[in-house]
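An overview of the molecular structure
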Amino acid sequence: HHVTLCCGLILFRCFMADVNPTADWNPLGEVFYKKTELYSMNWTIDQVDLAQFMVAAAPYGGPIALVRDERKIIRVKGAATKPIVYIYSASGNAIASFKWDGGRIIQMGWSKSEDLVLVLDDGVIRIIDMHGEYKNSLSLGEEVKAAKVLEARVFQCQSGTGVIALSSSYRFFVISDIDQGRMKRLADIPDIDYPPSSWVVIPDDRSVKVLVAIGNQLHLVDAAQATLQYPEVKQLPDAYVEMAVSFDYRYLAMFGSNGMLWVGLSNLKEVYCECNTQAMQRPRQLAWCGSGAIVAGWENLLFMVGPNKDWVK
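Residues numbered from 1 in each chain as written. Predicted model: local features only at pLDDT ≥ 70, side-chain atom pairs only at ≥ 80, totals over all residues. Heavy atoms only, no water.

Sheet architecture is open: 4 strands sit in the order E5-E6-E7-E8, paired in antiparallel fashion. On the outer flanks of this sheet lie strand E5 (53-57) and strand E8 (94-99), each paired with one strand and no other. Neighbouring strand axes in the sheet, compared pairwise and without regard to direction, differ in orientation by 15° on average. Sheet topology places E5 next to strand E6 (residues 64-68); 5 bridges connect them, and they run antiparallel. Residue pairing in the sheet places Ala56 in a bridge with Ala65 of E6. (Pairing = 2+ DSSP bridges. Helix = DSSP H or I, 4+ residues; strand = E, 2+ residues; numbered from the N terminus. Axes fitted to C-alpha atoms, helices over the stretch in contact; angles between N-to-C directions.)

Below you can see the structure in the form of structure tokens.
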């Protein structure tokens, strides 16, 4: 049985254990994984230093959008240049680029139809096609415009492509389908007076929920209420600092400030494993490869964990 799993621009391939693997395959429970380079990117490091960019890669080998991350730009006196949004193919070939003067970009993502979705700090959402042409815009409302957007996510659900934003008043606002444009404000989290340490969107057939970590407290928030969650945890961290949900939204991984990686069902009713990564720094990225493994990435390290506490480093 041969499965191909993609995580970023690195290809993880797996075989079931009934096949004899060669030496460069790594066992992860009953499955063997191999890491191979998917593409030699056609851009050069002079053009693209990913550490300085906000990056959005479409699934299934779709296009990649980049714009310089304003939080990482060193301002030079008298030099106020407009940022440029670049769109590349999955192998790094240039498709389009355009100067951006529409406001500060908080988050980028791709719609189901491979349009670029830009979430701005005033709650405006711009839809741009992959060739850089404007298509549409919508808004998260006047309250978000006044308070400004702290963080945002672009996500896919059964109804279409959605956008959710966290405002500076620590409230969540969601549009579950950008083609429809209807906005909802989710329930308030009680007594929240500082930003969440991490949060993740968990849509289901009927609604959009957000799992929010305030330190080591977990709140499940929907349009009606915010409820405290109490998953089984052996070593409670001071805070959950990174979360990732699988592509089908069934599985959840949470990285704690104590280096523990919790893996279980996204409804928090079942825990598969708690793995001590021995890493005191939060990972640069936490991402699922399909639903079979979770990968935590640091600058020079990939840590891959299966659902039964097996791991590859």
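After that view, the rundown keeps rolling.
With that settled, the discussion passes to the layout of surface pockets. Roughly 410 Å³ of internal volume is contained in the second largest pocket. Residue lining of the second largest pocket: 21 residues in total, with Ser176, Lys184, Arg206, Ser207 and Val208 positioned closest to the centre. Elements with a contribution of two residues or more to the lining of the second largest pocket: strand E15 (172-175) and strand E16 (183-185). (1 Å grid on protein atoms, 1.4 Å probe; cavity = no way out; pocket = protein on both sides within 12 Å on 5 of 7 lines; lining within 4 Å. Points joined across faces, edges and corners; volume = space filled by probe spheres on them.)

Here we take up the packing of aromatic side chains. This structure, assessed with the given rule, holds 9 aromatic pairs. An angle of 80° between the planes, with centres 4.9 Å apart, marks the rings of Trp43 and Tyr88 as edge-to-face. In this pair, Trp43 is assigned in the loop between strand E4 (31-37) and E5 and Tyr88 in strand E7 (residues 84-88), connecting sequence segments 45 residues apart. Take Trp43: its relative accessible area is 12%, and that puts it in the buried class. Judged by its relative accessible area of 7%, Tyr88 is buried. Ring-pair connections join several aromatic residues into one group, and the members of that group are Trp43, Phe53, Tyr86 and Tyr88. (Phe/Tyr/Trp six-rings, centres within 6.5 Å; stacked < 30°, edge-to-face > 60°. Buried < 20%, exposed > 50% of the residue type's maximum accessible area, 1.4 Å probe, protein only.)

The next point concerns the nonpolar core. In this structure, Ile164, Phe172, Leu211 and Met254 are the most contacted members of the largest nonpolar core, which totals 31 residues. Going through the elements one at a time, strand E13 (149-157), strand E14 (160-167), E15, strand E17 (198-203), strand E18 (208-214), strand E19 (217-221), strand E21 (240-245) and strand E22 (251-256) are the ones with two or more residues in this core. Among the elements that line this core, the one with the most residues is E18, at 6 residues. Those residues in contact with Ile164 that sit more than four places away from it in its chain are Glu151, Ala152, Arg153, Phe155, Phe172, Phe173, Val174, Leu186, Trp199, Val201 and Val210. The next biggest cluster of nonpolar side chains, apart from the first, holds 19 residues, and it includes Tyr251, Cys275, Ala279 and Ile294. (Core = buried A, V, L, I, M, F, W, Y, C linked by side-chain atoms within 4.5 Å. Contact = heavy atoms within 4.5 Å.)

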